[in-house]
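The primary structure of each chain is shown beneath.
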Amino acid sequence: NVAEDQRIPGAMSEPRTIIWWSTGAASAVTARLALRETPEAIIARCDTGNEDPDNYRFEADVMRWLNRSVTILKSETYDSVPEVWAKRRYMAGINGAICTTEMKVMPRLAFQRPGDIHVFGYTADARDVERYATLRENYFELSTRAPLIEAGITKAGCLALIESAGLVLPRSYAMGFPNANCLQSGCVKATSPDYWSLYRHHFPEGFARTAAYSREIGCRLTRLNGERAFIDEIPADHPMTNPVAPACDFLCHLLEKDL
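Residues numbered from 1 in each chain as written. Predicted model: local features only at pLDDT ≥ 70, side-chain atom pairs only at ≥ 80, totals over all residues. Heavy atoms only, no water.

Participant: Could you give an account of the pairing of strand E2 (residues 42-46), with specific residues and numbers?
Facilitator: The buried fraction of E2 is high, at five of five residues. The two faces of E2 match: Ile-42, Ala-44 and Cys-46 on one face and Ile-43 and Arg-45 on the other face are all buried. Examined bridge by bridge, strand E1 (residues 17-20) and E2 share three bridges and lie parallel to one another. For Ile-18, the partnering residue across the bridge sits in E2 and is Ile-42. Assessed by its sense of winding, the connection that carries the chain from E1 through helix H2 (residues 25-37) to E2 is right-handed. Looking at chain direction, E2 and strand E3 (residues 71-73) are connected through three bridges and run parallel. Counted as the bridge partner of Cys-46 is Leu-73 from E3. Assessed by its sense of winding, the connection that carries the chain from E2 through helix H3 (residues 53-66) to E3 is right-handed. (Buried < 20%, exposed > 50% of the residue type's maximum accessible area, 1.4 Å probe, protein only. Helix = DSSP H or I, 4+ residues; strand = E, 2+ residues; numbered from the N terminus. Pairing = 2+ DSSP bridges. Right-handed = clockwise from strand over helix to strand, strands pointing away.)

Participant: How would you sum up helix H8 (residues 155-164)? Please name residues and give values.
Facilitator: In terms of burial, H8 is largely enclosed, as seven of its ten residues are buried. Those residues of H8 not exposed but buried are Ala-156, Gly-157, Cys-158, Leu-159, Ala-160, Leu-161 and Ile-162. Just past H8, the residue Gly-166 takes up positive phi, approximately 85 degrees.

Participant: Describe the state of the cysteines, with residues and values.
Facilitator: All chains considered together, the criterion is met by zero disulfides. Free of any disulfide, Cys-182 has its nearest cysteine sulfur in Cys-187, 5.9 Å distant. (Disulfide = S-S within 2.5 Å.)

Laid out in structure tokens, this is it:
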């Protein structure tokens, strides 16, 4: 077991740099930047079993681009996100999503060591800057870096950089999703009815499964008119989120030659 081997005291004296890969454009650019500084860095992904199949195609393309491979970390308890929901009888609430805790946080905790440097793909967009600040506040014991924030690169800039490298983005971006994750069941951390309206449009079967289970356990995942609501209460003609268009500022232009 890789995670167990990594916990052996003294197995490696030098601190490791771990690039947390999430199969999206931002983490691809992050990995490129981090590997340029630390070629021996580990690229790791916590496998949720909940990704769109095209994400895995993109992962393979990016790893060929980087000439690297991914260390896959899995939960020792659960095989899938729906299994987490079913066994815990919980989806999401004020403390976040239980699937994130069980499928991402717990495998990371099992794998990491004191002294590791953790590299995350937070972008320079205001919301991501805030999320990164929250991560640092809650996991103050970790040594972390966010190369995209350091370089001032936005999500739109990442999309443009990936396209300029000749890589085909995951199809979810063209569909209008703000990121490429968790499209088999939808992201239950999302409370926006626009997001769930978009998800229903593109993935009606996944939407129906998630809506049915949320009804079963009484989990109102969205908000309508300021009130918590079930996602199947969202009107059929409700607006959907808009896609993030690739766009580069001068910082991205300067960086392009190094990617």
